[in-house]
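One-letter residues, chain by chain:
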Amino acid sequence: MASKISFMVKKLDTSDDDTEALNFFEDLCKRYFPNKSFVWAVQFRTWETNRVIQRELYVNIGLAFAAVFVVTLLLVANLFSCILVCVCVIFTLVNVCGFMHFWGLTIDTLTSILLILSIGLAIDYSAHIGHKFMTIYGNRNERAKHTVTTIGPAVINGGFSTFLAFILLSTSSSYVFSTFFKVFFLVVVFGLFNGVCVLPVLLSWMGPPPYLNAKSMTLVEESSAKLHTSSATHLPNELPALHYTVNDVSSKSESPILDKDFKEKANDNSISVDRCDPQRMLVEPMNHTSQESSPLLKENSFIHQPLSCEQLIKDCEEYLEAEKNGNDKE
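This part is about the packing of aromatic side chains. Applying the stated rule across the entire model yields twelve aromatic pairs. For the pair Phe 163 and Phe 185, a centre-to-centre distance of 5.7 Å together with 55° between the ring planes defines the contact as tilted. With a gap of 22 residues between them, Phe 163 in helix α5 (residues 140-166) and Phe 185 in helix α6 (residues 175-206) connect regions that are remote in the sequence. We classify Phe 185 as partly exposed; its relative accessible area is 26%. Aromatic ring contacts, followed pair by pair, group Phe 99, Trp 103, Phe 163, Phe 166, Phe 180, Phe 181, Phe 184, Phe 185 and Phe 190 into a single cluster. Between Arg 143 and the ring centre of Phe 133, over which it is positioned, the NZ or CZ distance is 3.9 Å.

This brings us to the state of the cysteines. Taken as a whole and judged by the stated rule, the model has zero disulfides. The cysteine Cys 88 is free of any disulfide, with Cys 86 supplying the nearest cysteine sulfur at 9.3 Å. Overall, Cys 88 belongs to the buried group, its relative accessible area being 0%.

In this section: the environment of Ile 156. If you trace the backbone, Ile 156 turns up in helix α5. Here the alpha-carbon distance between Ile 156 and Val 196, two residues 40 residues apart in the chain, equals 8.0 Å.

What follows is about the side chain of Asp 108. Relative to the elements of secondary structure, Asp 108 occurs in the loop between α3 (79-102) and α4 (109-134). Nearest to the buried, unbridged Asp 108 among oppositely charged side chains is Lys 182, at 11 Å. Within the local environment of Asp 108, its side chain forms a polar contact with the backbone nitrogen of Leu 110, the two atoms lying 3.2 Å apart. Aside from chain neighbours lying at most four places away, what touches Asp 108 is Ile 53 and Tyr 175.

On the surface, a nonpolar cluster with roughly 580 Å² of combined accessible area is contributed by Leu 79, Phe 80, Ile 83, Val 201, Trp 205 and Met 206. Of all the secondary structure elements, the ones that give two or more residues to the nonpolar patch are α3 and α6. By secondary structure assignment, the location of Val 201 is in helix α6.

Okay, the packing of α4 against α5 next. At their nearest, the axes of α4 and α5 sit 8 Å apart, and the two run at 150° to each other. In terms of their interaxial angle, α4 and α5 are classed as roughly antiparallel. Two packed elements cross with a definite hand, and for α4 against α5 that hand is right-handed. Contact with α4, carried on its side by Leu 121, Tyr 125, His 128, Ile 129, Lys 132, Phe 133 and Met 134, involves Arg 140, Arg 143, Ala 144, Thr 147, Thr 150, Ile 151, Val 155, Gly 159 and Thr 162 of α5 and no other residues of that element.

Membership of the largest hydrophobic core comes to 39 residues, with the highest contact counts inside it found for Val 96, Met 100, Val 183 and Leu 199. Of all elements in the fold, only α2 (44-76), α3, α4, α5 and α6 reach the threshold of two or more residues within this core. Examining the composition of this core, we find that twelve residues originate from one element, α6, more than from any other. The next biggest cluster of nonpolar side chains, apart from the first, holds six residues, and it includes Ala 21, Phe 25, Ala 41 and Trp 47.

With that settled, the discussion passes to α6. Taking 1.5 Å per residue as the helical rise, α6 with its 32 residues ought to reach 46 Å, and the 43 Å between its terminal C-alpha atoms agrees with that figure. The sharpest bend along α6 reaches about 35° and sits at Val 198, with the proline Pro 200 one to four residues further on. Residue Ser 174 occupies the N-cap position of α6, its side-chain oxygen lying 3.4 Å from the main-chain nitrogen of Val 176.

Once that is clear, we can look at the packing of α2 against α4. Two numbers describe how α2 lies on α4: the axes approach to 10 Å, and their chain directions differ by 20°. For the element pair α2 / α4, the angle class is roughly parallel. α4 is crossed by α2, and the crossing has right-handed handedness. Residue-level inspection shows Thr 49, Ile 53, Leu 57, Asn 60, Ile 61, Ala 64, Phe 65, Val 68, Thr 72, Leu 75 and Val 76 of α2 in contact with α4, the latter providing Thr 109, Ser 112, Leu 115, Ile 116, Ile 119, Ile 123, His 131 and Met 134. Here the contact of α2 with α4 is composed, by residue class, of 13 nonpolar, six polar and no charged.

Here the focus is the side chain of Arg 143. Note on placement: Arg 143 falls in helix α5. Salt bridges are absent for the buried Arg 143, whose nearest opposite-charge side chain, Glu 142, sits at 8.3 Å. What Arg 143 contacts, discounting residues up to four positions off in sequence, is Phe 133, Met 134, Ile 136, Tyr 137, Gly 138, Pro 208, Pro 209 and Pro 210.

Scoring rules and cut-offs
- Residues numbered from 1 in each chain as written.
- Predicted model: local features only at pLDDT ≥ 70, side-chain atom pairs only at ≥ 80, totals over all residues.
- Heavy atoms only, no water.
- Phe/Tyr/Trp six-rings, centres within 6.5 Å; stacked < 30°, edge-to-face > 60°.
- Helix = DSSP H or I, 4+ residues; strand = E, 2+ residues; numbered from the N terminus.
- Buried < 20%, exposed > 50% of the residue type's maximum accessible area, 1.4 Å probe, protein only.
- Lys NZ or Arg CZ within 6 Å of the ring centre and 35° of its normal.
- Disulfide = S-S within 2.5 Å.
- Lys, Arg positive; Asp, Glu negative; His and termini not counted.
- Salt bridge = Lys/Arg side-chain N within 4 Å of Asp/Glu carboxyl O.
- Polar contact = N/O pair within 3.5 Å; in protein donor to acceptor, adjacent residues only side chain to side chain.
- Contact = heavy atoms within 4.5 Å.
- Patch = residues over 30% accessible without salt bridge, like charges linked within 9 Å, V, L, I, M, F, W, Y side chains within 5 Å.
- Areas by Shrake-Rupley, 256 points an atom, 1.4 Å probe, with all protein chains shown as cover.
- Axes fitted to C-alpha atoms, helices over the stretch in contact; angles between N-to-C directions.
- Parallel < 35°, antiparallel > 145°, perpendicular 65-115°, else oblique.
- Left-handed = near helix turned anticlockwise from the far one by under 90°.
- Core = buried A, V, L, I, M, F, W, Y, C linked by side-chain atoms within 4.5 Å.
- Expected span 1.5 Å × (residues − 1).
- Bend = angle between axes of the 7 residues up to and from the residue.
- Nonpolar A, V, L, I, M, F, W, Y, C, P; charged D, E, K, R; others polar.

This is the structure in structure tokens:
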């Protein structure tokens, strides 16, 4: 035998009122009809969602944040830098949730999904800054400044391209599409702000020391840039010319700089440096020697001797110091 009791509920104002009403009806049913009785209505499905969504949102955000933290720690390879990066992600989520209130958005199924997805989107802007900071040698202020000037434009371009991906949703009248645009727009804006503006400041105050090979990486980068910049200019007579060719170990193919072309550069006392990556490249000097000075050499040939990246760094240091002294004398 089955029976039912019908009742009507007036329209409630907030989701908290819905949750309170659902709890009241369930307690009433269990108190007076404890055996195989339940309360049900079509709108109770939405009320049930509102009742559990807060706890589910916290749990899923925590799990997503834990996954992002582990992956970032493996890639950045520094605990304190990873913590600062994740702190900026937390700042971004707090900013987004706070601004959602003023934009008329509430926590529901759609916004909860978008907030969870926002963690993976927001980490991108901060992780690049944190990783680049670890590869630069110097004091904290210099490293933070160099980080912003080198990787900052690329991060901003990435955020702008992401914004272009969903900008057309701003004209939609659908609640789903308009909410998608609002939440992701806030994530891009606050993610870029915290990644490019806030994180470098934090790193300049309390940033961790760089990687062990950061000094050699920074020196090779700066020396290569300096040599490429001055490749079209002549050196003073008292400064020796540095000539290098680079062989790619991974492909075992020689540098595109041919002997003939390199001879012209050498005769012109110019500097030629092609790709120097200590992890992938084998650097060799190319010293021009005429046929008269060495009868063992054929015409248009060069002496190839192995040169380590440490020796290249030393030569670059000597060259830059000599050039600096020459400019001071002038």
